Amino acid sequence: LLNEALKKVELAEDERSLQEVRVSYLGKKGPITEVLRGMGKLSAEERPVIGQLANEVRDQIKASIDLKEKELEDIHISKQLEEEKLDVTMPGRPIMQGSRHPLQSVVEEVEDAFIGLGFNVEEGPEVESDYYNFEALNLPKDHPARDMQDSFYFTEELLLRTQTSPVQARTMERHQGKGPVKIVCPGKVFRRDNDDATHSHQFMQIEGLYVDHNVRMSDLRGVLDAFVKRFFGEDREIRLRPSFFPFTEPSVEVDVSCGICKGTGCRVCKQTGWIEVLGAGMVHPRVLEMSGFDPNQYSGFAFGMGVERLAMLKYAIDDIRHFYTNDVRFLSQFKRV
Ligand code: PHE
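Position labels on residues start from 1 in each chain and follow its written sequence. Reporting in this predicted model follows two pLDDT cut-offs: at least 70 for local features of residues, and 80 or more for side-chain atom pairs to be given and counted; totals over whole chains, interfaces and linings ignore these cut-offs and use all residues. As a rule here, side-chain values cover all heavy atoms of the structure and leave hydrogens and water aside.

**Topic: the environment of A280**
Logical step 1: With respect to the element layout, A280 can be found in strand 8 (residues 274-283).
Logical step 2: Here's how the labels work: a residue is buried when its accessible area is under 20% of the maximum for its type, exposed when over 50%, partly exposed in between, all with a 1.4 Å probe on protein chains only. Exposure remark for A280: the relative accessible area of 3% places this residue in the buried category.
Logical step 3: What makes two residues a contact is simply this: any of their non-hydrogen atoms within 4.5 Å. Other than its neighbours up to four places away in sequence, A280 contacts L220, L224, F245, T248, P250, S251, V252, V254, A302 and F303. A run of H or I in DSSP becomes a helix once it reaches four residues, and a run of E becomes a strand once it reaches two; helices and strands are each numbered from the N terminus.

**Some remarks on the site of the ligand**
Logical step 1: We call a residue near a molecule or strand when any one of its heavy atoms sits within 4 Å of it. By nearness alone, 15 residues border the ligand, and Q163, S165, R191, Q205 and E207 come closest of all.
Logical step 2: Pairs of N or O atoms within 3.5 Å make up the polar contacts considered here, provided that, within protein, one atom can donate a hydrogen while the other can accept it, and that residues adjacent in sequence are counted only when both atoms are side-chain atoms. At 2.8 Å, a side-chain N or O of Q163 approaches a nitrogen atom of the ligand.
Logical step 3: Between a nitrogen atom of the ligand and a side-chain N or O atom of S165, the distance comes to 3.0 Å.
Logical step 4: Surface accessibility in these figures is a Shrake-Rupley result with a 1.4 Å probe; residues are shielded only by whichever protein chains are displayed. Burial of the ligand by the protein amounts to 92% of the accessible area it has alone, namely 330 Å².
Logical step 5: Sorting the residues of the shell around the ligand by element identifies strand 5 (202-212), strand 8 and strand 9 (299-306) as the ones contributing at least two each.
Logical step 6: When residues of the shell around the ligand are assigned to their parent elements, the largest contribution, 3 residues, is made by strand 9.

**A short note on the nonpolar core**
Logical step 1: With 45 residues, the main nonpolar core has V110, F114, F227, F301, F303 and M305 as its most contacted residues.
Logical step 2: The set of elements that each furnish at least two residues to this core consists of helix 5 (102-115), strand 5, helix 8 (217-232), strand 7 (248-257), strand 8, strand 9, helix 10 (307-315) and helix 12 (328-331).
Logical step 3: By residue number, the principal contributor to this core is helix 8, which donates 7 residues.
Logical step 4: Residues within four places of M305 in sequence aside, it is in contact with V110, F114, M204, Q205, I206, F227, V277, L278 and L310.
Logical step 5: Each nonpolar core is a collection of buried residues, namely Ala, Val, Leu, Ile, Met, Phe, Trp, Tyr and Cys, held together in the definition by side-chain atoms within 4.5 Å. Core analysis: the next-biggest nonpolar cluster, separate from the first, contains 20 residues, A145, C185, V287 and A302 among them.

**Considering the pattern of salt bridges**
Logical step 1: Any Lys or Arg side-chain nitrogen located within 4 Å of an Asp or Glu carboxyl oxygen qualifies as a salt bridge. Evaluated as defined, the whole model comprises 21 salt bridges.
Logical step 2: Between K141 and D130 there is a salt bridge whose closest N-O contact spans 3.0 Å. Of the two residues, K141 is situated in the loop between helix 6 (130-133) and strand 3 (158-160) and D130 in helix 6; the sequence distance between them amounts to 11 residues.
Logical step 3: Relative accessible area serves as the criterion here: at 1%, D130 is assigned to the buried category.
Logical step 4: One network of salt bridges, with partners in common, ties together D130, E135, K141, R146 and E157.

**Here's the deal with the UniProt feature "binding site: Mg(2+)" (unreviewed entry) in the chain**
Logical step 1: UniProt positions are given in the numbering used here, feature names are shortened, and annotations may be inferred rather than shown by experiment. With numbering aligned to this structure, UniProt lists the feature "binding site: Mg(2+)" (unreviewed entry) at E249.
Logical step 2: Mapped onto the elements, E249 comes out in strand 7.
Logical step 3: Given the relative accessible area of 48%, E249 is considered partly exposed.
Logical step 4: For E249, the contacting residues outside a window of four places in its chain are M282 and H284.

**Re the packing of helix 5 against helix 10**
Logical step 1: Every angle, taken between N-to-C directions, lies between 0 and 180 degrees, and every axis is a line fitted to C-alpha atoms, over only the stretch in contact when it is a helix. Put simply, helix 5 and helix 10 touch, their axes get as near as 9 Å, and they point 100 degrees apart. Classed by the angle they form, the pair helix 5 and helix 10 counts as roughly perpendicular. Between helix 5 and helix 10, the residues in contact are L103, V106, V107, E109 and V110 and V307, E308, L310, A311, K314 and Y315, respectively.
Logical step 2: Side-chain classes follow a simple rule in which Ala, Val, Leu, Ile, Met, Phe, Trp, Tyr, Cys and Pro form the nonpolar group, Asp, Glu, Lys and Arg form the charged group, and the remainder, Gly included, forms the polar group. Per-class residue counts for the contact of helix 5 with helix 10 are 8 nonpolar, no polar and 3 charged. In these notes the angle categories are as follows: under 35 degrees is roughly parallel, over 145 is roughly antiparallel, 65 to 115 is roughly perpendicular, and the rest is oblique.

**So, the state of the cysteines**
Logical step 1: Only a pair of cysteine sulfur atoms within 2.5 Å qualifies as a disulfide here. In this structure the tally under the stated criterion is 0 disulfides.
Logical step 2: Of the cysteine sulfurs around C261, a residue in no disulfide, the closest is that of C269, at 3.5 Å.
Logical step 3: Exposure remark for C261: the relative accessible area of 10% places this residue in the buried category.
Logical step 4: Just so you know, C266 is unpaired, no disulfide at all, and the nearest cysteine sulfur is the one on C258, 3.7 Å from it.

**Some details on the packing of aromatic side chains**
Logical step 1: Centres within 6.5 Å are what make two rings of Phe, Tyr or Trp a pair, Trp counting through its six-membered ring; a difference in plane orientation under 30 degrees is then read as stacked, over 60 as edge-to-face, and the rest as tilted. Under the definition given, this model contains 14 aromatic pairs.
Logical step 2: Their ring planes at 85 degrees and their centres at 5.1 Å tell us that F293 and Y298 sit as a pair that is edge-to-face.
Logical step 3: A residue is classified by how much of its surface remains accessible, and Y298, at 9% relative accessible area, is buried.
Logical step 4: With a centroid separation of 6.0 Å and 80 degrees between ring planes, the pair formed by F323 and F330 is classed as edge-to-face.

**Considerations on the UniProt feature "domain: Aminoacyl-transfer RNA synthetases class-II family profile" (unreviewed entry) in the chain**
Logical step 1: Sites flagged by UniProt as "domain: Aminoacyl-transfer RNA synthetases class-II family profile" (unreviewed entry) map to residues 104-333.
Logical step 2: Helix and strand shares over residues 104-333 are 28% and 28% respectively, and the end C-alpha atoms of the span are 14 Å apart.

**A word on unusual backbone geometry**
Logical step 1: Geometrically, the link from G179 to P180 is a cis peptide bond, its omega value of -5 degrees lying close to zero.
Logical step 2: In this fold, P180 is placed in the loop between helix 7 (166-174) and strand 4 (181-190).
Logical step 3: That bond from E249 to P250 is cis: its omega, -5 degrees, falls within 30 degrees of zero.
Logical step 4: Relative to the elements of secondary structure, P250 occurs in strand 7.
Logical step 5: Residues other than glycine seldom take positive phi values, yet K262 does so here, at roughly 55 degrees.
Logical step 6: You can see K262 is positioned in the loop between strand 7 and strand 8.
Logical step 7: In this structure, A316 is a non-glycine residue whose phi angle is positive, near 55 degrees.
Logical step 8: The exposed category is assigned to A316, whose relative accessible area is 70%.

Here it is in structure tokens:
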């Protein structure tokens, strides 16, 4: 019996078959238990001899099972170690690193410049009502200046905003006639245009608005001059040319002196020495009034600029479509920007 049991222990290949051996030899229904249970029927001389023998056999089987169990466990562990081995000398996999989109960098740079001048950043919806996109900005339904911004309409009253100026009206309304309002609003705008090197049906603008008591045109000039010097360089100048926007009066077009030819004339500035960068003006009294501000107490200036245009000038990019085609050869050039 002992030899048979030891043989089976030897042959057990895993914990489960070992457990079976344990149960069949040492369990309640096993042969040893049976012998010990039958002890009462034995004579007084036989009893100690048989008892001792049975105990010895049981202890030996138990010991060999325990030993085998330990062995199996060791095998299991070393197998696991073998399989899960790490080769710490293996070279790592390269991690592809993205880069900031140049438009995002420009937006943040412009925001930072104006935050430094005391402006807050505001945002508004891209799907806008005809009221905020046009009417509240002094462009009633039949106004011819609406043709300047061909629009994508969903319904008669809803469209993709053609400019960030509606955020002006929304923010002034929220202030309920109390200044100061001093904000910049970056965001996407949409116009029906055929895409080419300088036109895109979707682009970005940053709007600025400052409404308070006694805000004057010279304040506008000072703020924009400070911005241009910070964004393009200390040596840059601005000049204002009369222009027209329905929501500002007077309105101006703002040019920056050309940083390439320094005014002597080159291709970038079309030989004029000046580059047009943004539109601006004094907020029209009608616009103040419609958004809840008393034009007799408050005045303000507003400006709007194209983010792509700023980026193209700053990084010498010749085609607006580069910003939207996501060619990694283009994008990866802005890793450190
Ligand atoms: N919203 C104007 C445009 O898109 C720009 C602008 C903004 C002009 C604010 C003046 C004041 O053309």
